[in-house]
Amino acid sequence: MISIYSTRTMLKVIEQMKRARTFLLDMFFPEVKQFDTKEVDIDIVKGKRKLAPFVSPLKEGIVSDRAGYTTRTIKPPYIKLKRPITPAELQNRLPGETVYQGDITPDQRAAILLGKDLADLDDQITRREEHMAATAMQTGVITVVGEGISMTIDFGMAASHKITLTGTDLWSDTDDSNPYGDLTAWRRVIAQDSGLSANVAVFGTDAWDAFMQHPNIQKLLDLRRVDIGAIDPMELPNGVTYQGRLKGLALDLYTYEEWYYDESSSTEKPMIDSKKIVLGSTLAETTRSYGMIQDIKARTNFALPRFPKTWEEEEPSAMWLMLQSAPVVCPHQIDGFLVATVLA
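Everything in this summary refers to the structure shown in the same document.

Criteria and cut-off values
- Each chain carries its own residue numbering, running from 1 in the written order of its sequence.
- For a predicted model such as this one, the threshold for reporting local features is a pLDDT of at least 70, and the threshold for listing and counting side-chain atom pairs is 80 or more; totals across whole chains, interfaces and linings nevertheless cover every residue.
- Excluding hydrogens and water, the side-chain values take into account all heavy atoms of the structure.
- Stacked, tilted and edge-to-face are the three classes applied to pairs of Phe, Tyr and Trp rings, where Trp contributes its six-membered ring and a pair requires centres within 6.5 Å; stacked means planes under 30 degrees apart, edge-to-face means over 60, and tilted covers the rest.
- Put simply, DSSP H or I for four residues or longer makes a helix, DSSP E for two residues or longer makes a strand, and each gets a number counted from the N terminus.
- Burial status follows relative accessibility: with a 1.4 Å probe on protein chains alone, a residue under 20% of its type maximum counts as buried, one over 50% as exposed, and anything between as partly exposed.
- Pairing between two strands requires that DSSP report at least two bridges joining them.
- Axes, fitted as lines to C-alpha atoms, cover a helix only where it is in contact. Angles between the N-to-C directions of the axes lie from 0 to 180 degrees.
- Residue contacts are defined here by distance: any two heavy atoms, one from each residue, within 4.5 Å place the two residues in contact.

## A word on the packing of aromatic side chains
When we look at a pair of aromatic rings, we describe it by the centre distance and by the angle of the planes. Using the criterion set out here, one finds 11 aromatic pairs in the structure. Ring centres of Trp-171 and Phe-211 lie 5.8 Å apart, and the angle between their planes is 40 degrees; on these two criteria the pair is classed as tilted. Separated by 40 residues along the polypeptide, Trp-171 in the loop between strand S7 (162-164) and helix H4 (179-194) and Phe-211 in helix H5 (residues 205-213) bring together distant segments of the chain. Taking relative accessible area as the criterion, Phe-211 reaches 0% and is therefore assigned buried.

Written as structure tokens, this is what we have:
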């Protein structure tokens, strides 16, 4: 209860909304494609390094087949979020609003609530897209489970791109493990299978601690005559810390401290598993694809990444806000990524 007889100082409200972060989307999935169809074709490219065959100049030319790829047709998972604004909410003071009547009208309050709700719903969808990117890069698979839907989108990541260290190879074994050697070998796997050079390594928090505390790495960074690399942390937006660069591998090192709320366990989990490392090439062919908005009110343009709409109900009286999207992230060159679990 608020006592009107107490001296009160209205302080500016600092909203603590946890905004969605998009480091993985921005780094590895910058291209956006929008479709006005319910299904999207995903081309998975896996080329081969063929040698041109020799032939006598007196013989016919050798027919050379084009590099192959596989096409998978998927139906992007659909998202429909909605939220009501009721008359009762228009009578309640908003955060930061004066206690006394006359600061803003109920109509203005409705507009403010609508804007805040729209931003919140958009954040939830953006966070889902970031989670899809993180899952695709760490497993090669996106699992879609929800009301009336259950499917798996498999991008065909090879087993050789999903590494799990064991025994003395674990980075917790500071005597026998070799983190620098592992990064070198994994980068070569990506180069051999995709023709791309991995230029970014995203560390889980525990994996980064083990990497930096490892004598093998500390010794390399202490060398004075050989410029192996530099650890020069710099905090960036989106919960990202640029930790430095291993020049010998042309590899930029990042840690990503972002979480999502897991409904099944009622806990927050990291986007990048704390014990894992994801290596990737920013030149790998990828897209953020959006399928058709399945709403008749979007008929002038079904190809949209987001479609908001509002409507009113008479009984019980309420105004509804809905935000719809059909997103899917597509790592077409899945061989341009590798994930390694480096701690038990």
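## Notes on the pairing of strand S6 (residues 149-154)
One ladder, built from 6 bridges, connects strand S5 (residues 141-146) with S6; its direction is antiparallel. Looking at S6, one finds that Val-145 is bridged to Ser-150. Between S5 and S6, which pair antiparallel in sequence order, lie 2 residues; one of them, Gly-148, sits at a positive phi of approximately 75 degrees.

## Some remarks on the sheet that holds strand S4 (residues 79-85)
Strands sit in the order S4-S17-S16 across an open sheet of 3 strands; the sheet is antiparallel. Of all strands in the sheet, those with a lone pairing partner are S4 and strand S16 (307-313), marking the two edges. Averaged over neighbouring strand pairs, the angle between their axes works out to 20 degrees when direction is ignored. Pairing geometry for S16 and strand S17 (residues 318-325), over 7 bridges, is antiparallel. Each bridged residue has a counterpart across the sheet, and for Pro-308 the counterpart in S17 is Leu-323. The strands that helix H3 (residues 106-139) touches are S4, S16 and S17; relative to S4, the one it contacts most, it runs at about 160 degrees.

## Brief notes about the pairing of strand S18 (residues 327-331)
Extensive coverage of S18 is indicated by the burial of 5 of its 5 residues. Covered by surrounding structure in S18 are Pro-327, Val-329 and Pro-331 together with Val-328 and Cys-330, the residues of both alternating faces.

## Some details on the sheet that holds strand S1 (residues 32-34)
Taken in spatial order, the 3 strands line up as S1-S15-S18 in an open sheet, and their pairing is mixed. With one partner strand each, in any of the chains shown, S1 and S18 form the two edges of the open sheet. Across the sheet, the axes of successive neighbouring strands diverge by a mean angle of 25 degrees, strand direction being ignored. Here S1 runs beside strand S15 (residues 286-290); their pairing, made up of 3 bridges, is parallel. Paired with Gln-34 across the two strands is Tyr-290, which belongs to S15. The strands touched by H3 are S15 and S18; relative to S18, the strand with the most contacts, the crossing angle is about 30 degrees.

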